[in-house]
Amino acid sequence: MIDPKRLRTDIADITQALKKKRYDLDADAFTQLDAARKERQIKAESLQAERNQYSKTMGRLIAEAKSKGGDIAPLKAQGEALKNAFIEAEQSLHEVQQQIEELLHGIPNVPDGSVPEGVDEADNTEVRRWGDIPEFTFTPLDHVDLGAAIGGMDFDRAAKISGSRFVQMRGKLALLHRALGQFMLSTHTLEHGYEEVYVPFIVNRESLFGTGQLPKFEEDLFKLSDERQLFLIPTAEVPVTNIYRNEIIDQLPIKFASQTPCFRSEAGSYGRDTRGMIRQHQFDKVEMVQFVAAEDSWQALEELTGHAQKILEKLALPYRCVTLCGGDLGFSAAKTYDLEVWLPSQNTYREISSCSNFTDFQARRMKTRYRDSRTGQLEFVHTINGSGLAVGRTMVAVMENYQQADGSILVPEVLQPYMHGLRVID
RNA sequence: GGAGAGGUGGCCGAGCGGCUGAAGGCGCACGCCUGGAAAGUGUGUAUGCGUUAAUAGCGUAUCGAGGGUUCGAAUCCCUCUCUCUCCGCCA
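**With respect to the overall build of chain A**
Part 1: Each helix and strand in chain A was counted, giving twelve helices and 17 strands.
Part 2: Taking 22 Å as the expected radius of gyration for a compact globule of 426 residues, we find that chain A reaches 28 Å, considerably beyond that expectation.
Part 3: Expressed along its principal axes, the backbone C-alpha trace of chain A runs to roughly 105 × 45 × 45 Å.
Part 4: Look at the contacts in chain A between residues 6 or more apart in sequence, and 73% of them connect residues 24 or more apart.
Part 5: Carbon together with sulfur atoms contributes 47% to the accessible area of chain A, which is approximately 21,000 Å² in total.
Part 6: Seen as two clouds, the 50 positive and the 62 negative side-chain charges of chain A have centres 5 Å apart.

**Overview of the domain arrangement of chain A**
Part 1: In terms of domain boundaries, chain A breaks down into domain 1 (26–105) and domain 2 (121–425).
Part 2: Computed from C-alpha coordinates alone, the two centres of domain 1 and domain 2 are separated by 51 Å.

**Considering the pattern of salt bridges**
Part 1: All chains considered together, the criterion is met by 19 salt bridges.
Part 2: A salt bridge links Arg 8 to Asp 34; the nearest nitrogen and oxygen atoms lie 3.1 Å apart. Here the residue Arg 8 occupies a position in helix α1 (residues 4–9), and Asp 34 occupies one in helix α3 (residues 27–67), the gap between them amounting to 26 residues.
Part 3: A relative accessible area of 41% means that Arg 8 is categorised as partly exposed.
Part 4: We classify Asp 34 as buried; its relative accessible area is 10%.
Part 5: Here Glu 340 and Arg 320 are joined by a salt bridge, their closest N and O atoms 2.7 Å apart.

**Remarks on the sheet that holds strand β14 (residues 378–380)**
Part 1: The strand order β7-β13-β14 describes an open sheet built from three strands, whose pairing is mixed. Both edges of this open sheet fall to β7 (248–249) and β14, since each of them pairs with a single strand only.
Part 2: Where β7 lies against strand β13 (residues 369–371), two bridges are found, and the strand directions are parallel. Bridge pairing in β13 links Ile 248 to Arg 369.

**Observations concerning the nonpolar core**
Part 1: One finds Leu 176 and Leu 180 to be the most contacted residues of the largest nonpolar core, which totals 50 residues.
Part 2: Ranked by the residues each element gives to this core, the list is headed by helix α7 (residues 171–191), at eight residues.
Part 3: Non-local contacts of Leu 180, meaning those with residues more than four positions away in its chain, are made with Leu 315, Val 391, Thr 394, Met 395, Val 398 and Leu 415.
Part 4: Listed in part, the 19 residues of the second largest apolar core include Ile 2, Ile 14, Leu 25 and Leu 33.

Cut-offs applied
- Residues numbered from 1 in each chain as written.
- Chains lettered and ligands numbered in written order.
- Predicted model: local features only at pLDDT ≥ 70, side-chain atom pairs only at ≥ 80, totals over all residues.
- Heavy atoms only, no water.
- Helix = DSSP H or I, 4+ residues; strand = E, 2+ residues; numbered from the N terminus.
- Rg over C-alpha atoms; globule rule 2.2 N^0.38 Å.
- Contact = heavy atoms within 4.5 Å.
- Areas by Shrake-Rupley, 256 points an atom, 1.4 Å probe, with all protein chains shown as cover.
- Lys, Arg positive; Asp, Glu negative; His and termini not counted.
- Charge placed at Lys NZ, Arg CZ, Asp CG, Glu CD.
- Domains from an automatic or database assignment.
- Salt bridge = Lys/Arg side-chain N within 4 Å of Asp/Glu carboxyl O.
- Buried < 20%, exposed > 50% of the residue type's maximum accessible area, 1.4 Å probe, protein only.
- Pairing = 2+ DSSP bridges.
- Core = buried A, V, L, I, M, F, W, Y, C linked by side-chain atoms within 4.5 Å.

This is the structure:
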């Protein structure tokens, strides 16, 4: 959520900045609503003050009236009149407050100045490339064909069990999948200073509101039919970030890493990536989440992106890093780097990690604060998160980049300890 | 699933219709004391919102959440939620 105070004082600047995100802020509507809010709030609060004042003297007045044998009905009637006047003012205040809130909840985070202009992913700007694109003396297969040849990657049976966009794996491929997750988690905890967390995979509306998936993006989520309004997590970002919802953190920074399954309805992407494991309703992901002081978040974003890159580098997978342009940037993010891994079968780079600085946007929604050591004031923390990495897509990348002419797959050296020393999958 | 008990400030814990943003204690901060420290002692110690030049005042809200009764609710009533105890069931 954007700071409403900032919206009052800098609305022109914010409106301009949000254009980059292709969001059209109705500044006049906000200004009018806020003026109405101010007027009504002053009125309601002064009526309430009057009423409080009156109620305080009531005990004495009633006692006096009674001792003189007087009638206390008029005293009560006056109190009642004050109450009714207040209730009316309060209702009218609530109306505007609700409208303002609705507007506020739908405004995306303001993109950072360094975010490039643009409408979609074609306008993302490349920051760096790493690794050499492998050259094959044969025509490389994609992971689906490789999986079929090896055996143990079964989309048909997954469809029978569940439907489209699911996979079932067995044997060495299931092991490879597990090894990848373990390798990532171990690297982040042992080398990058993250603490491992295990979290619920089912969350409530408040948590999804906190990180920004709700109220706008409900159709992307799997919702449980149960009356409690629970949802399957689309990313570990939701439960992990919400660990500190409604709390004051006393020690920053905090760095968490967590492996979870992620569930996405993929509504609106019907024709895209229908083949293979690239776009599934369920996939595993290792997520890194940092809570930092406001002044540290930009550095933390660079650091966290580096941690994700490190995984790709250890796996010797060629990748590039791009800065998302305004139009491609998510609702809650102020800036996002995507890491894209090389996929030989597609002869292109595909997203495998997304690392973002949310500044105080999520913290404001979650009411997650810390005490600034210099001013002693409570401030909203900044949150940063990123995939480190999407396990399913990493598996695709390993299979395709490490394939050999005979259809077997070499196991990257760093994974071998996690795979009982296995060097080749065939 | 059945029966019961409870959620009050950073923590513990009183309060059970007006004088309570909330006793008392612990913790914390600052001062005094001390050669220094401990002990002792004094003072202070929530947050949001509004107004404002102001982190000064003033107003308003908050005692798990939401609703209700009342002139007035932390205190009474209802719903929800979470925690604990006992029984049942169970990975």
